[in-house]
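Residue-level structure breakdown
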Number of protein chains: 2
Amino acid sequence: MLSPDELEARLKAIGAERYHNRHPFHLMMNEGALSKDQLRAWALNRYCYQATIPIKDAVILSRMTDPELRRIWRQRIIDHDGEREGEGGIERWLVLSEGLGLDRPYVTAMTGVLPATRFACEAYVNFVRERSLLEAVASSLTEMFSPQTISLRVAEMLRHYDYITPRILSYFEKRLTQAPRDSDFALDYVKRGARTPEAQQAALKALTFKCDMLWAMLDALHFAYVEPALTPPGAFRAEGK
Amino acid sequence: MLSPDELEARLKAIGAERYHNRHPFHLMMNEGALSKDQLRAWALNRYCYQATIPIKDAVILSRMTDPELRRIWRQRIIDHDGEREGEGGIERWLVLSEGLGLDRPYVTAMTGVLPATRFACEAYVNFVRERSLLEAVASSLTEMFSPQTISLRVAEMLRHYDYITPRILSYFEKRLTQAPRDSDFALDYVKRGARTPEAQQAALKALTFKCDMLWAMLDALHFAYVEPALTPPGAFRAEGK
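Criteria and thresholds
Residues numbered from 1 in each chain as written. Chains lettered and ligands numbered in written order. Predicted model: local features only at pLDDT ≥ 70, side-chain atom pairs only at ≥ 80, totals over all residues. Helix = DSSP H or I, 4+ residues; strand = E, 2+ residues; numbered from the N terminus. Rg over C-alpha atoms; globule rule 2.2 N^0.38 Å. Buried ≥ 20, exposed ≤ 12 C-beta atoms within 10 Å, placed from the backbone. Contact = placed C-beta atoms within 7 Å. Nonpolar A, V, L, I, M, F, W, Y, C, P; charged D, E, K, R; others polar. Least-squares fit on C-alpha atoms with pLDDT ≥ 70 in both. Expected span 1.5 Å × (residues − 1). pLDDT = per-residue confidence, 0-100. Core = buried A, V, L, I, M, F, W, Y, C linked by C-beta atoms within 7 Å. Axes fitted to C-alpha atoms, helices over the stretch in contact; angles between N-to-C directions. Parallel < 35°, antiparallel > 145°, perpendicular 65-115°, else oblique. Left-handed = near helix turned anticlockwise from the far one by under 90°.

Turning our attention to the overall build of chain A. Counting secondary structure elements, chain A contains 11 helices and 0 strands. Start at the N end of chain A and walk to the C end: the helices and strands fall as α-α-α-α-α-α-α-α-α-α-α. Relative to the compact-globule value of 18 Å for 241 residues, chain A shows a C-alpha radius of gyration of 18 Å, a close match. Here chain A holds 241 residues, and the buried ones make up 44% of them. Within chain A, counting contacts between residues at least 6 apart in sequence, those at least 24 apart form 79% of the total.

Right under this line is the structure:
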């Protein structure tokens, strides 16, 4: 049985080892080594993940029997969907996609998304539906690692790609305040809620699963668009769709 | 194939025949024929339904892929859970329960709720999870019938039961504006979305299911607390718990 602080340290160690900021594709992005088409492929596939977020959060909401807990968790859905049309995280991701030259209807239709991306997103929704609420909440803890990754990514992207502007990257700016608020709550929930060695191991595995899922999305991108660049049939073509 | 207006008429005909305002238990309530303990049993069991509502709405939310649709539907969850502690529909139902002399922790623990009530609520959540989104939305259309029922109920309860005050019935007052807003949207969604004879029949059946579910809750109350008044083991006892 770990103390709550030991559990926190173990959770953070998972991120240090497995968070997708260490993936070769992300390293290339930060080094300015990706072509515009490769960045387009990234934005297009990541849209599938963004569109999945409020769905997985609504599944989690549907599993919470405490109105107090629901009031806190529902803010994630509001952040992503916005208060009205033209606002929210999904919309800001579309601004990024359009800024890279992708057509909005092509992005939202997700027809060019890699099958492996879809499967990973689907696995995430299934995970939060089927596992314990503690595991579902723990799987959100990748947000502990995102602010640092985002800060670096924004700075490096602005530096390396002349067609990237702060406006295009507004999604990330918002996440710098939203992610810590969300992960502070989730971390506290997991530290308090994991009261047996089994529950603690389950929480650690849940975060590992989530890191694996994000990593798998980049593996698929790397394979299809970097090396060996074998784009599957039907997917976005790096030379233009 | 029905026209949208014919479909609306058929949906409304289901309510005229099957909505729970026609159940003997509700007729007795409006006639002032229920004892305070029978009203307590009603409030206690209906709490189980109230607590289920945001859960089923979160399930529906998790099935909506359109952010615009989610922005509208999520308001139901906000209405029920409130903006902060001490607000919202669930809280107002607890005010009603406490006004009838029930302990709040006893109500929220739901230990005295009839098993048949739980099963009916569970069936509702399963329904919106397993059926089409159109059917899930159509099942909410009992709200078309609630304002009239609520108006009459509030007037009759205030007239017949001297311990019932407007403050205790504040839940119903809010629903008078929330329910029409919600059912107007849902009715429009169903009329537009049911584009085949099969989809129309499925929508009609979904509303029938929901009426059956509400009716079954009152059957269980009637059986346990009115006639033959055979209260099952563990359930709230009408002579005081």
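It is worth spelling out unusual backbone geometry at this point. Glycine aside, negative phi is the norm for most residues, and most peptide bonds take the trans geometry. Residue and element names in this part refer to chain A. A cis amide bond, omega 5 degrees, links glutamate 227 with the succeeding residue proline 228. Within the secondary structure, proline 228 is located in the segment after α11 (197–225). Although it is not a glycine, methionine 110 sits at a positive phi angle of roughly 60 degrees. Methionine 110 gets classed as partly exposed once you count the C-beta atoms within 10 Å, which come to 16.

The next subject is the interface of chain B and chain A. Each side of the interface is counted separately: chain B has 16 residues, and chain A has 16 residues. Looking at the side of chain B that touches chain A, the elements with two or more residues in it are α3 (36–62) and α4 (67–81) of chain B. If one sorts the elements of the side of chain B that touches chain A by residue count, α4 of chain B sits on top with 7 residues. In terms of residue class, the side of chain B that touches chain A is made up of 8 nonpolar, 2 polar and 6 charged.

For the rest of this paragraph, the subject is the environment of glycine 193 of chain B. Residue and element names in this part refer to chain B. Mapped onto the elements of the fold, glycine 193 is located in helix α10 (residues 170–193). Residue glycine 193 is classed as partly exposed on the basis of its C-beta count, with 15 C-beta atoms lying within 10 Å. Sequence separation between glycine 193 and arginine 131 is 62 residues; the distance between their C-alpha atoms is 14 Å.

Quick look at the relation of the copies chain B and chain A now. Mapping one chain copy onto the other needs a rotation about an axis and a shift along that axis. In the superposition of chain B on chain A (RMSD 0.0 Å, axial shift 0.0 Å), the rotation amounts to 180 degrees. Considering both components of the superposition, the chain copies are consistent with a two-fold axis. If distances are taken from each C-alpha of chain B to the rotation axis, the shortest is found for alanine 58 of chain B, at 2.6 Å. A symmetric contact is evident, with 100% of the interface residues of chain B recurring at the interface of chain A.

Over its 27 residues, helix α3 (residues 36–62) of chain A extends 40 Å from the first C-alpha to the last, a length consistent with the 39 Å expected when each residue adds 1.5 Å. The element α3 of chain A is largely enclosed, with a buried count of 22 among its 27 residues.

Predicted confidence across chain A gives a mean pLDDT of 96, with 99% of residues reaching 70 or more. Scored by ipTM, the complex comes to 0.89, with pTM at 0.93.

Soluble, globular proteins show a tendency: their nonpolar side chains are buried together. In terms of nonpolar packing, the biggest core is built from 129 residues, with Val190, Leu207 and Leu221 of chain A together with Val190, Leu207 and Leu221 of chain B touching the most fellow members. With 13 residues, the single largest contributor to this core is α11 of chain A. When neighbours within four sequence positions are excluded, valine 190 of chain B is seen to be in contact with Leu134, Val137, Ala138, Leu141 and Ala203 of chain B.

Our next topic: the environment of glutamate 227 of chain B. Among the structural elements, glutamate 227 of chain B can be located in the segment after α11 (197–225). The spatial distance from the C-alpha of glutamate 227 of chain B to the C-alpha of arginine 175 of chain B is 30 Å, given a sequence separation of 52 residues.

Turning to the packing of α3 of chain A against α3 of chain B, a few remarks are in order. Two elements in contact, α3 of chain A and α3 of chain B, have axes separated by 8 Å at closest approach and are oriented at 165 degrees. On the basis of their axis angle, the class for α3 of chain A and α3 of chain B is roughly antiparallel. Where α3 of chain A crosses over α3 of chain B, the handedness of that crossing is left-handed. Facing α3 of chain A, whose interface residues are Ile55, Ala58, Val59, Leu61 and Ser62 of chain A, α3 of chain B presents Ile55, Ala58, Val59, Leu61 and Ser62 of chain B. Here the contact of α3 of chain A with α3 of chain B is built from residues that sort into 8 nonpolar, 2 polar and no charged.

Now for the packing of helix α5 (residues 89–99) of chain A against helix α10 (residues 170–193) of chain A. Residues and elements named next belong to chain A. Viewed as axis vectors pointing N to C, α5 and α10 meet at an angle of 145 degrees, and their least axial separation amounts to 8 Å. Counting all contacts with α5, which are made through Gly89, Arg92, Trp93, Val95 and Leu96, the residues of α10 involved are Ser170, Tyr171 and Lys174. Of the residues in the contact of α5 with α10, the class split is 4 nonpolar, 2 polar and 2 charged.

Residues and elements named next belong to chain B. Residue position: asparagine 30 is located in helix α2 (residues 24–31). Each C-alpha atom, one on asparagine 30 and one on histidine 160, is 7.9 Å from the other, the two residues being 130 residues apart in sequence. Discounting residues that sit within four places of it in the chain, asparagine 30 has contacts with Leu152, Arg153 and Glu156.

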